[in-house]
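Fold and contact review
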Amino acid sequence: MTETWRVVARPVATDTIYGLCLSPDGQRLATASWDGSVRLLDLEQGRVTHRLQGHRGRVYSVAFHHGGRILASAGADAMVRTWDGETGQPLWERSGHASLVYSVAFQPRGGLLASGSEDGTVCIWGSDGERLHHLEAHNQYVQGVAFSPDGRLLATASRDCYLGLWEVETGAEVGRLEVVRNGINSVRFTADGTRVLLANVDGSVGVWDLGSGAPVFERNEHRYPAWCALFDPGEGTFASGSADKTIVLWDASSGALRQRLSGHEKDVYSLDFSADGRRLVSAGADGTVRLWGRDATAADWEALEARWRASARAEAAERDPPPESSGAPASDRRARGLLGRLFGKR
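Residues numbered from 1 in each chain as written. Predicted model: local features only at pLDDT ≥ 70, side-chain atom pairs only at ≥ 80, totals over all residues. Heavy atoms only, no water.

Next up on the list: the overall build of the protein. Across its full length, the protein holds two helices and 28 strands. At 22 Å, the protein has a C-alpha radius of gyration in line with the 20 Å of a compact globule built from 346 residues. The principal-axis extent of the C-alpha atoms belonging to the protein is close to 80 × 50 × 35 Å. Evaluated residue by residue, the protein yields a buried proportion of 55% over its 346 residues. If you take every contact in the protein between residues at least 6 apart in sequence, the share linking residues at least 24 apart comes to 43%. Put simply, the protein shows about 15400 Å² of open surface, and 47% of that area lies on carbon and sulfur atoms. A gap of 8 Å separates the mean positions of the 39 positive and 44 negative side-chain charges of the protein. (Helix = DSSP H or I, 4+ residues; strand = E, 2+ residues; numbered from the N terminus. Rg over C-alpha atoms; globule rule 2.2 N^0.38 Å. Buried < 20%, exposed > 50% of the residue type's maximum accessible area, 1.4 Å probe, protein only. Contact = heavy atoms within 4.5 Å. Areas by Shrake-Rupley, 256 points an atom, 1.4 Å probe, with all protein chains shown as cover. Lys, Arg positive; Asp, Glu negative; His and termini not counted. Charge placed at Lys NZ, Arg CZ, Asp CG, Glu CD.)

Now for the side chain of His 222. Looking at the element boundaries, His 222 is found in the loop between strand S21 (214-219) and strand S22 (226-231). Judged by its relative accessible area of 5%, His 222 falls in the buried class. Within the local environment of His 222, its side chain forms a polar contact with the side chain of Ser 240, the two groups lying 2.7 Å apart. Among the polar contacts listed, one links the side chain of His 222 to the side chain of Asp 244, at a separation of 3.0 Å. Not counting the four nearest positions on each side in its chain, His 222 is found in contact with Gly 203, Ser 240, Gly 241, Ser 242, Asp 244, Thr 246, Val 248, Trp 250 and Arg 260. (Polar contact = N/O pair within 3.5 Å; in protein donor to acceptor, adjacent residues only side chain to side chain.)

We now examine the pairing of strand S12 (residues 121-125). Buried residues dominate S12, accounting for five of its five residues. Taken together, the four bridges between strand S11 (residues 113-117) and S12 define a ladder with antiparallel strand orientation. Paired with Leu 113 across the bridge in S12 is Trp 125. Remark: three residues form the turn of the hairpin made by S11 and S12, two consecutive strands paired antiparallel; Gly 120 in that turn has positive phi of roughly 85 degrees. Across five bridges, the pairing between S12 and strand S13 (residues 131-136) is antiparallel. Bridge pairing in S13 places Ile 124 opposite His 133. Between the end of S12 and the start of S13, which pair antiparallel, lie five residues, with Gly 129 showing a positive phi angle near 95 degrees. (Pairing = 2+ DSSP bridges.)

With that settled, the discussion passes to unusual backbone geometry. One non-glycine residue with positive phi stands out, namely Arg 109, at about 60 degrees. With respect to the helices and strands, the residue Arg 109 is situated in the loop between strand S10 (101-106) and S11. Notably, Cys 161 is not glycine yet its phi reads approximately 75 degrees, a positive angle. Here Cys 161 lies in the loop between strand S15 (153-158) and strand S16 (162-167). Relative accessible area serves as the criterion here: at 17%, Cys 161 is assigned to the buried category.

Our next topic: the pattern of salt bridges. Enumeration according to the criterion identifies 16 salt bridges in this entry. Residues Asp 42 and Arg 47 are paired through a salt bridge, measuring 3.8 Å at the closest nitrogen-oxygen approach. For Arg 307, the salt bridge goes to Glu 44, with nearest N and O atoms at 3.2 Å. Highlighted residues: Arg 307 in helix H1 (residues 298-319) and Glu 44 in the loop between strand S4 (37-42) and strand S5 (47-53), separated in sequence by 263 residues. (Salt bridge = Lys/Arg side-chain N within 4 Å of Asp/Glu carboxyl O.)

Dropping the structure here:
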């Protein structure tokens, strides 16, 4: 049965939003943008509450700690940074890679942080920023990292067509899964830790069994690369985002296509579900954030839309205030402005 998904959207960044993450309580959204900023949004109001600046160049990934207070980010400057996720204050920053960092992920119920880089390496960091492991993981860049639900394993997804499995405590490699002729863009574990969900360069998405190293199923409904895929918390559904500008919702047991969501004007790079699975957030190359609500009432959604529109208008007004009126005709003001630029007059 097709579900009803309502959507509200607003521009958030001035360039591509490559990564996003909801806080555990679902009240805040963090975004990572190629305009060099990390932004925090109040999801109910659709309002940007903090703009975190410190990265030099594009920001690729953000992740909330399971406690909700700490936010991690990483990007083209090869730096991993942590912030207070409520106040936006910087905590620590570290350099452990030789090239840009595509992905960061926190350990569930633990304090460790993993990062994966274009240089093929993976780092595991302590809560104080100490580098615990530096893994020569792949011979091409690492697009995704994910901890198993019990926090004991780390999965690394690479464009070299391999998924690596590592023991977190020792940093030892304990498994390697070949996804034949297909670079991997993202990885997520199932709740029991026995399978992984992969989004791939050829547009396919699929679930792989870690015990057998074989696909449970693989589907090819995206026409271009699948950049991301994740389960909803109940794991009855998973969602994938693609360069074909769409989000596809799938049955997690059979891999059957349930629904396709459209609206983004360019690649969909990142997705996240709320804890109750009733909301899905998406962002991508068009610089917008879209909030999708599953079977939301019309009245509730109209109120949410009104708050998002008001916040977007208020931020636009602060960013681009209207010109002061001089009382002179517009043609005179334009002439004076041109002369001022030419002759240094104001």
